[in-house]
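Remarks on the overall topology
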Amino acid sequence: MAGLTYDDLYQVSLSSLGSAAEDWKDMVDQLAKLATDATDGMVRQSDAARWEGVNAGVTRPFIRTTATEFRDAHAQAKSIWSMLRDAHQDLTAVQKALKKAVDVDAKKHSILVSGGPGSTVICQYVDRSGEKTKLKPEQVEYLRALEEQINSLIAQAVEIDGSVARALGKIHGGDSHNFGHAKYDSLDDVQRERTVQLAKRSLSLHEKGEELSTKELAEFRTLLQGSAKDPEFAVEFYREMGAKDALRFQAQLSIDASSGDDKTRLELAQSIQKDMGLTLATATDPPTGKDNPHTSFREDRTYLGKAWINELKKVGTQPLNVGLDHAQPVGYQALASLLRNGNYDKSFLNPIAQDMVTLERKGGSWPVPDPHKGDQHFGLNLADKKSPGWDPMTGLLEAFGHSPEASTAFFNGSTGGGNSDLKRLSNLDFFLSEDKGREWLPDKTSGLTDPDDESRVPAKQALGHALESATTGRPYGDEGPLRAHTREQADLFTKVVQELGANPGSLKHDGSLAALAPSLGNMSAEYMYDIQRTLGAGDNSGYFEHEGADADLASLKNNELNQFLQATAEDPEAYGAITNSQQAVTTEAIRVAMADPGSETLAAVTERAARPGGYVAGCTAEGRADAIAAADDSVKKIEEYNQKIEEGDKWVGRIADMAANHIPVAGDAASWLAEDIREAVVKHYTKDDSEATAKIAENRENFLEGERKQAARAAEQAFIDAAKERGISTAPGTPGAGAADDVYSAIIGTFTDGRS
């Protein structure tokens with residue numbers, strides 16, 4: 001398949017390759033029998049024969065050599081069969097994926113796929129007549145993604161073809177009179193060998209001031225990309241590279257790619273950095289989910305183990321020679337850029353994190369390039385220009401954001417104490433406390449003395465992502481359903497609210513931890529049942545029950561919960577998440593109250609169920625008013641709030657899905673109920689930008705009075721929506737209408753309490 005093209009891969013029949021693999025399997029079996037017969041028969045008889053003289057001195061060695069050749073022939077045949085077998089399996093899988101992309105995905109979107117230059121394709125949208133059409137932005141994005149997907153599949157096929165060819169050449173060895181050369185158990189072994197070879201060649205070339213060619217770099221990317229989730233490949237790659245060379249290779253590649261102007265090499269380096277992270281996550285994931293301290297890492301082909309991790313920890317604090325006299329990053333800085341990708345097991349990630357925190361607490365600092373020497377436009381992290389990776393805590397925290405189990409355990413843990421010369425300090429306090437916590441340094445290569453530089457923000461945003469993961473049990477950015485919280489997760493959320501609720505100034509728009517607010521809004525939305533139960537002074541009636549452990553927010557002092565919500569709501573994204581979740585939970589609580597009012601009136605139970613929503617609305621309205629009043633452009637700020645309210649409607653669906661476990665809702669009813677909740681949020685919480693700006697500028701209290709009435713109408717609407725689903729009339733003069741009025745009046749009061 002030399003010069004493999006799209007048409008080659010799409011059209012080729014792989015049946016003959018499969019047949020060849022089967023034929024070689026027969027050859028392996030026959031040679032195995034011959035090798036056994038030669039050893040057990042011919043050699044044994046020769047050794048037992050009573051030969052003497054010249055004949056004995058010639059014949060015995062000849063027989064032994066012949067038997068050895070039979071064994072080598074069997075080994076060589078087995079290697080050839082392994083290559084053909086794996087090539088057939090892998091190419092079949094690639095071809096199947098290719099045909100799905102072309103015959104299903106492309107056709108579904110009216111996309112024509114045709115062969116492009118070399119091993120590439122060209123994708124084009126066509127109308128029914130076959131003519132090109134004008135594209136929308138989302139169509140352009142899908143077209144690009146599909147083209148990249150198909151080109152990646154072709155590149156995998158080209159690499160499989162090349163790997164097999166190289167392997168067969170080494171297996172044969174070029175000597176027609178001698179069997180027994182390179183031996184491979186699988187194609188993975190060949191590809192891993194080549195991947196390591198290219199990485200070490202890159203290190204060697206770098207010492208001479210040279211680098212891998214773009215073609216070689218693309219080959220490395222394809223090899224790694226196709227095997228990042230293969231445990232044996234991942235383990236052997238990192239084991240053969242060793243911790244130091246793996247990190248040195250990554251650091252040199254990143255610095256070279258980010259400091260140059262070759263966009264192709266930069267894109268390749270970005271992809272390699274991502275896949276090296278995914279590969280490391282695979283290699284450090286224990287097969288059983290638990291690390292066995294009694295097992296040496298060399299005894300397990302699918303897990304690096306503690307010995308390799310210990311080696312990594314030694315390398316973590318040592319300088320990496322990257323060929324620059326003004327930039328000498330240490331191992332942990334290079335590692336942190338890899339950690340941004342992948343879900344890491346806590347047995348690997350947490351010891352590394354503990355070591356990094358301990359290092360900082362002991363006064364250690366992370367090397368940064370000398371701003372007075374050389375070009376400063378380079379970095380270790382290629383995923384985000386605002387965060388070039390000199391502060392490794394950013395990458396570490398992003399790793400926790402993708403690794404919920406590890407994150408929960410880490411933030412419930414601590415450093416110091418015991419025999420340590422450090423005072424015991426919880427990891428949560430190290431990152432959240434302004435008095436006892438870390439010093440947040442700008443993550444950039446110049447202007448390091450500016451304390452207010454925006455480049456500090458990525459590390460704090462990463463902290464928010466990590467806390468989301470730790471308190472929810474879901475990776476940051478996960479769009480799936482809510483999960484039942486564990487006791488550890490719920491307790492951690494309580495601690496976060498306690499720490500930040502006692503210091504709300506840090507969360508306000510100009511506070512030192514304001515970058516956390518969007519994540520805190522998501523966390524609050526997820527824990528809305530707990531929040532409303534607490535603000536309702538308990539839940540004896542079971543209106544706010546949910547699966548999993550409860551957060552003990554009632555144990556907080558003073559107004560810590562109120563202050564936390566107020567400060568968090570100064571961020572529009574956080575406000576949008578909290579408001580949508582509050583309206584959904586309020587509607588659900590009213591539904592539960594309606595379902596079983598007991599001996600009480602409908603008005604009494606639904607009013608009690610709705611009250612906590614008023615508290616939340618009062619808290620968040622206070623925060624929104626503060627943010628709008630403080631904004632340089634109030635109109636723009638209000639527009640941002642309106643936008644985030646609409647974008648936060650995903651929380652309605654999540655709460656509705658969880659609520660269905662309390663009182664099941666039929667499919668159609670569930671859909672319109674969720675849609676009614678979304679409409680209520682938009683109707684009652686979005687603002688006319690010019691009118692709201694004028695009101696808040698004229699009199700802040702008048703603005704908040706309007707907010708109070710809208711919150712009451714929103715709660716009234718929650719009652720109406722719940723009543724509609726339960727079949728309860730709210731027509732004038734009915735008990736339902738009277739109960740709706742009572743709910744409105746109740747919110748008028750609790751809204752004010754929430755502001756205090």
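Once a new chain begins, its residue numbering starts again from 1 and follows that chain's sequence as written. Residues qualify for local features only when their pLDDT is at least 70, as the model is predicted, and side-chain atom pairs are given and counted only at 80 or more; totals for whole chains, interfaces and linings, by contrast, use all residues. Each side-chain value is worked out from all heavy atoms of the structure, with water and hydrogens disregarded.

**With respect to the overall build of the protein**
Short version of the rule: We count a stretch as a helix when DSSP gives it H or I for four or more residues in a row; a strand needs E for two or more, and each element gets its number in order from the N terminus. Burial classification: accessible surface area is computed with a 1.4 Å probe over protein chains only, and a residue below 20% of its type maximum counts as buried, one above 50% as exposed, and the rest as partly exposed. Contacts were defined at the residue level, with two residues in contact if any of their heavy atoms lie within 4.5 Å. Here the Shrake-Rupley method, with its probe set to 1.4 Å, supplies the accessible areas, and only the displayed protein chains count as covering residues.
A count of helices and strands for the protein gives 28 helices and four strands. Looking at the protein residue by residue over its 756 residues, the buried ones come to 51%. The contacts of the protein with a sequence gap of at least 6 include a subset with a gap of at least 24, amounting to 75%. Here the protein displays about 33,900 Å² of accessible surface, and carbon together with sulfur accounts for 48% of that area.

**A closer look at unusual backbone geometry**
The phi dihedral of Ser-110 is positive, around 55°, even though this residue is not glycine. On the secondary structure map, Ser-110 appears in the loop between helix H3 (54-108) and strand S1 (111-115). By relative accessible area, which is 38% here, Ser-110 ends up partly exposed. For Asn-558, which is not glycine, the phi dihedral falls at a positive 50°. Along the chain, Asn-558 turns up in the loop between helix H19 (528-535) and helix H20 (560-568). Exposure remark for Asn-558: the relative accessible area of 79% places this residue in the exposed category.

**Quick notes on the packing of helix H22 (residues 602-630) against helix H27 (residues 700-726)**
Quick note on the threshold: An axis is simply a line fitted to the C-alpha atoms; with a helix, the fit covers only the stretch in contact. Between two such axes, the angle follows the N-to-C directions and lies from 0 to 180 degrees. By definition, turning the near helix anticlockwise from the far helix through less than a right angle yields a left-handed crossing, and turning it clockwise yields a right-handed one. Asp, Glu, Lys and Arg are counted as charged, while Ala, Val, Leu, Ile, Met, Phe, Trp, Tyr, Cys and Pro are counted as nonpolar; the rest, among them Gly, fall into the polar class.
The geometry of H22 relative to H27 is characterised by a closest axis approach of 9 Å and an angle of 145° between their N-to-C directions. In this structure, H22 meets H27 at a crossing whose hand is right-handed. Contacts from Leu-602, Thr-606, Ala-617, Ala-621, Glu-622, Arg-624, Ala-625, Asp-626 and Ile-628 of H22 reach H27 at Arg-700, Phe-703, Leu-704, Glu-707, Ala-711 and Phe-719. Considering only residue class, the contact of H22 with H27 consists of nine nonpolar, one polar and five charged.

**Focus: the packing of helix H8 (residues 243-259) against helix H9 (residues 263-283)**
Convention followed: Angle categories are assigned with fixed cut-offs, so that under 35 degrees is roughly parallel, over 145 is roughly antiparallel, 65 to 115 is roughly perpendicular, and the rest are oblique.
With their axes 9 Å apart at the nearest point, H8 and H9 run at an angle of 150° to one another. With respect to H9, the element H8 is oriented roughly antiparallel. Seen from above, H8 lies across H9 with left-handed handedness. Along the contact surface, H8 presents Ala-246, Phe-249, Gln-250, Leu-253, Ser-254, Ala-257 and Ser-258, while H9 presents Arg-265, Leu-266, Ala-269, Ile-272, Gln-273 and Met-276. Looking at the contact of H8 with H9, its residues break down into eight nonpolar, four polar and one charged.

**Structural notes on the side chain of Ser-347**
Under the convention used in this document: Contacts described as polar in this section are N or O atom pairs within 3.5 Å, which, within protein, must combine one atom able to donate a hydrogen with one able to accept it, while residues neighboring in sequence count only if both atoms come from side chains.
Structurally, the position occupied by Ser-347 is in helix H12 (residues 346-361). Classification of Ser-347 by relative accessible area gives buried; the value is 18%. A distance of 2.6 Å separates the side chain of Ser-347 from the side chain of Asp-345, its partner in a polar contact.

**Quick word on helix H17 (residues 487-501)**
Operational definition: Helix span, as expected, comes to 1.5 Å for every residue beyond the first.
Helix length check: H17 (15 residues) gives 21 Å between terminal C-alpha atoms against 21 Å at 1.5 Å per residue, within 8%. Those residues of H17 lying buried are Gln-489, Ala-490, Leu-492, Phe-493, Thr-494, Val-496, Val-497, Leu-500 and Gly-501. In this fold, the buried residues of H17 make contact with helix H14 (404-411), helix H15 (427-432), helix H16 (457-472), helix H18 (517-526), H19 and H20.

**Regarding the pairing of strand S2 (residues 121-125)**
In the case of a regular strand, side chains alternate between the two sheet surfaces. To keep it simple, the criterion reads: One bridge is not enough; two strands pair if DSSP finds at least two bridges between them.
Of the two faces of S2, only one is covered, namely that formed by Val-121, Cys-123 and Tyr-125; the face formed by Ile-122 and Gln-124 stays uncovered. Relative to S2, S1 runs antiparallel, the two sharing five bridges. Within S2, the position partnered with Ile-111 by the bridge is Tyr-125. In this antiparallel pair of consecutive strands, S1 and S2, the connection spans five residues, and Gly-118 shows a positive phi of 60°.

**Remarks on H16**
Between its terminal C-alpha atoms H16 stretches 23 Å, which fits the 22 Å expected from 16 residues at 1.5 Å a residue. Counted residue by residue, H16 has 14 buried out of 16 residues, so it is predominantly covered.

**Re the pattern of salt bridges**
Stated formally: Salt bridges are counted wherever a side-chain nitrogen of Lys or Arg sits within 4 Å of a carboxyl oxygen of Asp or Glu.
Taken as a whole, this structure holds 40 salt bridges when the rule is applied. Here Asp-429 makes a salt bridge to Lys-436, at a shortest N to O gap of 3.5 Å. Owing to a relative accessible area of 17%, Asp-429 belongs among the buried residues under this scheme. Here Glu-640 ties to Lys-637 by a salt bridge, and the two come within 3.7 Å at their closest N and O atoms. You can see Glu-640 and its partner Lys-637 sitting in helix H23 (residues 634-647), three residues apart, about one turn around the helix. Its relative accessible area of 31% is what places Glu-640 among the partly exposed residues. One salt-bridge network, held together by shared partners, links Glu-159, Arg-166, Arg-194 and Glu-219.

**Comments concerning the nonpolar core**
As a reminder of what qualifies: By nonpolar core we mean a set of buried residues, namely Ala, Val, Leu, Ile, Met, Phe, Trp, Tyr and Cys, connected to one another through side-chain atoms within 4.5 Å.
Among the nonpolar cores identified, the biggest contains 159 residues, and Tyr-238, Phe-411 and Phe-431 are the most heavily contacted of them. Of the residues forming this core, the biggest block, 12 residues, is contributed by H22. In contact with Phe-431, other than residues within four places in its own chain, are Val-357, Met-393, Leu-397, Phe-410, Phe-411, Arg-438, Trp-440 and Leu-463. Judged by nonpolar contacts, the second largest core, of 34 residues, contains Leu-84, Leu-143, Ile-150 and Ile-154.

**A few points about the packing of aromatic side chains**
For the record, the criterion: The rule is short: rings of Phe, Tyr and Trp, with Trp giving its six-membered ring, pair when the centres are within 6.5 Å, and they are stacked under 30 degrees, edge-to-face over 60, tilted in between. Counting as a charge over the ring demands two things of the Lys NZ or Arg CZ atom: a distance within 6 Å of the ring centre and an angle within 35 degrees of the ring normal.
What the rule picks out here adds up to 18 aromatic pairs. Put simply, the rings of Phe-220, Phe-233, Phe-237, Tyr-238, Phe-249 and Trp-308 pair up and form one aromatic cluster. Its end group placed over the ring of Trp-440, Arg-438 keeps NZ or CZ at 4.8 Å from the ring centre.

**Examining the side chain of Lys-687**
Turning to its location among the elements, Lys-687 is positioned in the loop between helix H25 (667-685) and helix H26 (689-698). Polar side-chain contacts of Lys-687 include one of 2.5 Å to the side chain of Glu-707. Sequence-distant contacts of Lys-687, defined by excluding residues within four places in its chain, comprise Arg-624, Ile-638, Asn-642, Ala-692, Glu-707 and Gln-710.

**Some words on the environment of Gly-505**
With respect to the helices, strands and loops of the structure, Gly-505 is situated in the loop between H17 and H18. For Gly-505, a relative accessible area of 40% translates into the label partly exposed. Residues Gly-505 and Phe-564 lie 59 residues apart in sequence; the distance between their C-alpha atoms is 9.5 Å.

**Details of the confidence of the model for the protein**
We apply this condition: What pLDDT expresses is the predictor's confidence in each residue, scored from 0 to 100.
Here the protein shows a mean pLDDT of 85. Residues at 70 or above account for 85%. For the protein, helix H2 (residues 15-48) is the element with the lowest average pLDDT, namely 65, and H14 is the one with the highest, namely 98. Contacts for the low-pLDDT stretch residues 446-451, under 50 throughout, to residues beyond four places or in other chains number five contacts.

**Let's talk about the environment of Gln-124**
Summarising the element assignment, Gln-124 is placed in strand S2. Gln-124 sits 11 residues away from Val-113 along the chain, and the two C-alpha atoms are 6.7 Å apart.

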